[in-house]
Amino acid sequence: MCGIFGISGHPEAARLAYFGLYALQHRGQESAGIATYDGTSIHLHAGMGLVPDVFTEQTLSNELRGDIAIGHVRYATTGSSALRNAQPLVARVRGMEIAIGHNGNLTNAAQLRKELEDEGAIFQTTTDTEIFVHLIARNMQNGNLEQAVLDACARVQGAYALILLSGKKIIALRDAHGFRPLSIGILHGDSSQDQAFVFASETCAFDLLEAEYIRDVNPGEMVILEDGKMTSVKIPGSETVPVRQCIFELIYFARPDSIVFGEDVYRCRKNMGMQISREMKTDADLVMPFPDSGVYSALGFSQHSGIPYEHAYIRNHYVGRTFIQPSQNMRNYGVRVKLNPVRSMIMGKRLCIVDDSIVRGTTVRTRVEKLRELGATEVHCRVSCPPLLNPCFYGIALSTHKELIAANHPLESLPDLLKLDSLHYLTIEGLLKTVSHPDNYCLACFNGDYPVPCNGCDASSCSRKSA
Ligand code: AMP
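## A few points about the overall build of the chain
Along the backbone of the chain there are 16 helices and 23 strands. Taken over the C-alpha atoms alone, the chain extends approximately 70 × 50 × 40 Å along its principal axes. Counting every position in the chain, which comprises 467 residues, the buried fraction comes to 59%. Long-range contacts, defined as pairs at least 24 residues apart, comprise 70% of the intrachain contacts of the chain with a sequence gap of at least 6. Just so you have it, the chain exposes about 18200 Å², and 50% of that area is on carbon and sulfur atoms.

Have a look at this one:
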């Protein structure tokens, strides 16, 4: 998780980066940062919290000077939640200042960190991103940043969408599998000379800036932007690597108004709901999502099944993610704060709830108990992804096997455990029908087929903790 953004060739680069990060806020709420270059040096401002809390008018107009900027919002999947881990990271490498922002998890991070420390490297953060900084520094003997980045890519394994700023240059790249998204856009000005290039994890950031989406940074591609010119280099060795983009971006993580991996996320989610309805006939009086994540598949489910759609749970939008609260008791409270029922919709009804995924089962269990308390006569559940059976090593906070309810109980026992009359998960085949290029996705969290093994552990014992 995490969102990255970049812009080059705009006098208000920091301000546009601020708005870009605002649009990417759902990708990370722990910290935010922007680095700019003003022709002389890099300026950085980063802090803990949400984008509007981290930056003030004064920071944007006086501190973050320059017409080139990169930005980052963080959701810690490795490394603790602390200011020192906020990004972009800024470092001086052989006399050259660089700023770097990263989305994804490196699977050989622990091994590389140890090797680098054994060679004398001193780390200031616990992020995977700093590993890139050290690798780049080691490979900068001849002062060629692009080559140093490519050499760093040859050492790292796993998931990375990266954005780097150095002098008048922005470098943007995606790992060979293309796990995490990164798109390129153009912001048109009054004349053809007057245009700025933008990069963002998701295209919803372009919409906000009224920039035109051109294309994605391709898996295994490094794009270099300097003086308004864009060049592209293949990361050596990436040609033979299969594309394996993270399908969970389409299921849950990305905003529905984005185009991600060339897919219209809204349409994909609706199709997921329609597909569930095709797979499993349901008798119910109304379909209700667990908002917001279940909304779009519930709409598709309702339109296909003909069962009326209602918002019988209302979401409190001032709550962050309930999912990563430290204790189960607190998570239960978190879910109650987040979702509150509309009593009049529930009494005497046969309900079909739709959610995008079941992780620990907290949301479904606690909210279904409530529906029964309020007089629902039947509660069925439809889930717009297959059972989550394996942890993810590539940057989605599904980090340990033991937390995944579907991985620890026979699937037939789940309706009872979750107090449901029936439960149906979208099948893998059904899910793949909702995307244009079904072979291009990583499905490891469903089928255990890991494109890159996690060094030093296997799927069932992995304990890389989400912070
Ligand atoms: P749980 O209550 O533990 O079963 O979590 C399921 C809820 O968490 C669903 O409503 C999802 O929308 C949401 N969710 C799924 N995956 C993630 C994730 N990686 N991070 C945060 N929330 C998630």
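## Describing the packing of aromatic side chains
Counted under the stated rule, the structure contains 14 aromatic pairs. Aromatic ring contacts, followed pair by pair, group Tyr 18, Phe 19, Tyr 22 and Phe 55 into a single cluster. Lying over the aromatic face of Phe 123, Arg 113 brings its terminal NZ or CZ to 4.2 Å of the ring centre.

## What about helix H10 (residues 295–305)?
Those residues of H10 lying buried are Val 295, Tyr 296, Ser 297, Ala 298, Gly 300, Phe 301 and Ser 302. On the buried face of H10, the contacting elements are helix H9 (265–279), strand E17 (286–289), strand E20 (350–355) and strand E21 (378–383). Just downstream of H10 lies Gly 306, where phi reads positive at about 80°.

## Topic: the pairing of strand E5 (residues 89–93)
In the sheet, E5 pairs with strand E6 (residues 96–103) via five bridges, with the strands oriented antiparallel. Bridging from a neighbouring strand, Leu 89 pairs with Ile 100 of E6. Here E5 hands over to E6 after two residues, with Arg 94 in that stretch at a positive phi of 45°.

## A few points about the site of the ligand
Neighbouring the ligand are 19 residues, the closest being Asp 355, Asp 356, Val 359, Gly 361 and Thr 363. Gly 361 places a polar main-chain atom, nitrogen or oxygen, 2.7 Å from an oxygen atom of the ligand. One nitrogen or oxygen atom from the main chain of Thr 362 is found 3.4 Å from an oxygen atom belonging to the ligand. About the coverage of the ligand: the protein hides 95% of its 500 Å² of free accessible area. At the level of elements, helix H8 (247–253) and helix H12 (362–373) are the ones that each hand at least two residues to the shell around the ligand. The class makeup of the residues in the shell around the ligand is 10 nonpolar, five polar and four charged.

## Notes on the sheet that holds strand E4 (residues 68–74)
Spatially, seven strands are ordered E3-E2-E4-E1-E10-E9-E11 in an open sheet, and the strand pairing comes out antiparallel. Both edges of this open sheet fall to strand E3 (42–48) and strand E11 (212–216), since each of them pairs with a single strand only. The average angle at which neighbouring strand axes cross in this sheet is 15°, direction not considered. Both strand E9 (residues 183–188) and E11 contribute to a ladder of four bridges, which runs antiparallel.

What counts and how
Residues numbered from 1 in each chain as written. Predicted model: local features only at pLDDT ≥ 70, side-chain atom pairs only at ≥ 80, totals over all residues. Heavy atoms only, no water. Helix = DSSP H or I, 4+ residues; strand = E, 2+ residues; numbered from the N terminus. Buried < 20%, exposed > 50% of the residue type's maximum accessible area, 1.4 Å probe, protein only. Contact = heavy atoms within 4.5 Å. Areas by Shrake-Rupley, 256 points an atom, 1.4 Å probe, with all protein chains shown as cover. Phe/Tyr/Trp six-rings, centres within 6.5 Å; stacked < 30°, edge-to-face > 60°. Lys NZ or Arg CZ within 6 Å of the ring centre and 35° of its normal. Pairing = 2+ DSSP bridges. Near = heavy atom within 4 Å. Polar contact = N/O pair within 3.5 Å; in protein donor to acceptor, adjacent residues only side chain to side chain. Nonpolar A, V, L, I, M, F, W, Y, C, P; charged D, E, K, R; others polar. Axes fitted to C-alpha atoms, helices over the stretch in contact; angles between N-to-C directions.

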